[in-house]
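Geometric and topological summary
In case you want the letters, here they are:
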Amino acid sequence: MTRVRHNDYGVLSPPAIGDWKPELSVSVVIPAYDCQEALERTVSALAAQTYPAGLVEIVVADDGSTPPVELADARVVRVRDGWGRGAARQTGQLAATGEVIHWLDSDMILAPDHLEAHMRWHHLIDHAVVIGDTRFVSAPGEEGTQSEYTRKTLDSTRMLKDAGTGAYLLHTGASSSVRAELLRAAGGVDATLNMAEDTELGYRLAQAGAVFVPDPQARAWHVGPSTVMLREKEVHRHNWSYLGDLIPDLRWLRGHPRRHWRVPYVQVVVSATTYEETRASVDAALAGTLPDAAVTLVGAWGKLTGGRRSSLDDPLLDLRLLHNLYAHEPRVVFAESEPVSVTPTPFLLRLPAGWVLGADTLAGLVRLADDDLLGLVCLALAEDADGVVAARLERTAAFARAARFEGAADDLVDELFGALWVEGGEYGLSTVEEAGPLTGDPAKWRALAAHRQAEIKELRATADRLAAEVERLSVPQDEEDPARGPLSSLIRHLRSAG
């Protein structure tokens, strides 16, 4: 199976339509609500597909239509648990038997080779999410146009090859497909969402290691405008109230400095040792400038019982004190063993107890990882008889994709996303003895101020380089007064920054 770095699926070579042998079965899942006429047209188009009919099943999830949906050429299942698009999609995919799940809206018209175009990618890799080329028309038979958002996204990202971690934002339920195994590994569809369920699912598929492939040959036409086209501001107002909690990657939705969020941005994993050094590590992780961090505290918590014991001579005293300390802290969870993954949280930091994060450490490490879309950042802390003591920032999506191949996980992550070693001290990590006291919000402001000062220093260096270049070339910026030309003005502005 070919390995795709980041989202650059250009290394894959799909066969020409009509020039290959399909083997995988596909379930086309269509959520439906009071749309009998449109459904009949969509199902009719599915009957004319070039993909072998023996490998196709059609599952319509009827979300309480009145009268109920009736179709001779599809299996209709009724939504019993909840209501809305999320519940309907989840009901449909749970009833599906195909190796691939192909989402389709009820008001779609498909080109005859639509399914075949999708399916050839799934025969190449088992972690593709294929996005069809959907055009919007007012009536059947028109050529139609892409949504402006889709067009701009594809144009600016080389058809998502350069989209990096944001490729999932183009995921849509109108016409997309995914292996059933990958869908279920990601947790299926959130049945509580009636809108934005496709974006939220796309995010979780990305954390599961998916590669997003838009295929212009998977042609389809959506009859009528989408809800976003008609009521964009209202849709965003509605959806962002949910997505801020569920997709930490959407940083602009998390501007609040102290809020707790359902899905953290970074999960810090610390294995409990002594009370003092473990507390220092956990408290520092919760006090940094990255507000949506959480901690998994690993220890033998199951051994703590409520039976009679000596309060001061309890052999499990340190564990008990740590449990007492964080029992009511919502950002700390207790675990018996280190998690393999923290999905859907995008980053996991494995931190040895006794090592303390600086106020801006997590924010700085995430910036470092995102600059080059790194899958792993290792931080050298010290060296002992057992080797190098290190902390590790792991990108969830990178390790999920690496797990699909045979080989050492770190080597595969390096190949698929990139890996880097740095000195922990450069990013503010220190021992308990070296660390200063936590001072709450002032520490956050000091870290932010330091970051601003670094930006100012860089701007001044740029101004100096520009000034030197002007002097070297001796090119007047203004015939009457060279010192008052536009370039000189820019240099003076940069020098005065801060």
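Every value quoted in this text rests on a predicted model; they were computed, and no experiment measured them. Within every chain, residues take consecutive numbers counted from 1 along the sequence as written. Totals for whole chains, interfaces and linings use every residue, but because this is a predicted model, local features are given only for residues with pLDDT of at least 70 and side-chain atom pairs only at 80 or more, for both listing and counting. Excluding hydrogens and water, the side-chain values take into account all heavy atoms of the structure.

**Side note on helix H9 (residues 317-326)**
What counts here: Residue burial is assigned from relative accessible area. The probe radius is 1.4 Å, only protein chains are included, and a residue is buried under 20% of its type maximum, exposed over 50%, and partly exposed in between. Helical segments are the DSSP runs of H or I of at least four residues, strand segments are the runs of E of at least two, and each set is numbered from the N terminus. Residue contacts are defined here by distance: any two heavy atoms, one from each residue, within 4.5 Å place the two residues in contact.
Residues of H9 that are buried include every one of Leu317, Leu319, Arg320, Leu322 and Tyr326, and no others. Against helix H8 (275-286), strand E10 (293-298) and strand E11 (332-335) lie the buried residues of H9.

**Points about the sheet that holds strand E2 (residues 56-62)**
Condition: Note on pairing: DSSP must find at least two bridges between two strands before they are called paired. Axis lines are fitted to C-alpha atoms, over the contacting stretch for helices. Their N-to-C directions set the angle, which ranges from 0 to 180 degrees.
Overall, mixed pairing links the 8 strands, which are arranged E3-E2-E1-E4-E7-E6-E8-E5 in an open sheet. Lying at the two open borders of the sheet, with one neighbouring strand each, are strand E3 (75-78) and strand E5 (108-110). Each neighbouring strand pair of the sheet contributes to a mean axis angle of 30 degrees, computed without reference to strand direction. Bridge count between E2 and E3: 4 bridges; the pairing is parallel. Of the residues in E3, the one forming a bridge with Val60 is Val76.

**Description of the pattern of salt bridges**
What counts is decided by this rule: One speaks of a salt bridge when a side-chain nitrogen belonging to Lys or Arg is within 4 Å of a carboxyl oxygen belonging to Asp or Glu.
Under the criterion given, the structure shown has 31 salt bridges. Between Arg279 and Asp283 there is a salt bridge, with the nearest N and O atoms lying 3.3 Å from each other. Of this pair, Arg279 and Asp283 both sit in helix H8, 4 residues apart, which is roughly one turn of the helix. The exposure class assigned to Arg279 is partly exposed, which follows from its relative accessible area of 35%. We classify Asp283 as partly exposed; its relative accessible area is 21%. Between Asp410 and Arg392 there is a salt bridge whose closest N-O contact spans 2.9 Å. Linking Asp410 in helix H12 (residues 409-416) with Arg392 in strand E15 (residues 387-395), this pair joins segments that are 18 residues apart in sequence. Given the relative accessible area of 30%, Asp410 is considered partly exposed.

**A short note on the packing of aromatic side chains**
Operational definition: Two rings from Phe, Tyr or Trp (for Trp, the six-membered ring) form a pair when their centres are within 6.5 Å of each other. A pair whose planes differ by under 30 degrees is stacked, one over 60 is edge-to-face, and the rest are tilted. Working rule: Lys NZ or Arg CZ, within 6 Å of ring centre, within 35 degrees of ring normal, means a charge sits over the ring.
Scanning the model with the defined rule gives 6 aromatic pairs in all. The interplanar angle of 90 degrees and the centroid separation of 5.9 Å between the aromatic rings of Tyr9 and Trp121 together place this pair among those described as edge-to-face. Note that Tyr9 is positioned in the segment before strand E1 (26-32) and Trp121 in helix H3 (residues 114-122), a separation of 112 residues in sequence. The burial state of Tyr9 is the same as that of Trp121; both residues are buried. Judged by centre distance (5.6 Å) and plane angle (70 degrees), the ring pair of Tyr168 and Tyr203 falls under edge-to-face. With Tyr168 in the loop between helix H4 (148-156) and strand E7 (175-179) and Tyr203 in helix H6 (residues 197-207), this pair connects stretches of sequence that are 35 residues apart. Both residues of the pair, Tyr168 and Tyr203, count as buried. The cationic tip of Arg251 hangs over the ring face of Tyr265; the distance from NZ or CZ to the ring centre is 3.8 Å. Above the ring of Trp261, the side-chain terminus of Arg259 is found at 3.9 Å from the ring centroid.

**Notes on the sheet that holds strand E14 (residues 376-384)**
Taken in spatial order, the 7 strands of this open sheet run E11-E10-E9-E12-E15-E14-E16, and their pairing is mixed. Edge positions in the sheet fall to E11 and strand E16 (419-423), since each has one partner strand and no second. Neighbour to neighbour, the strand axes of the sheet diverge by 25 degrees on average, direction disregarded. Sheet topology note: the E10/E11 ladder contains 4 bridges and is parallel. The residue of E11 that forms the bridge with Thr296 is Val333.

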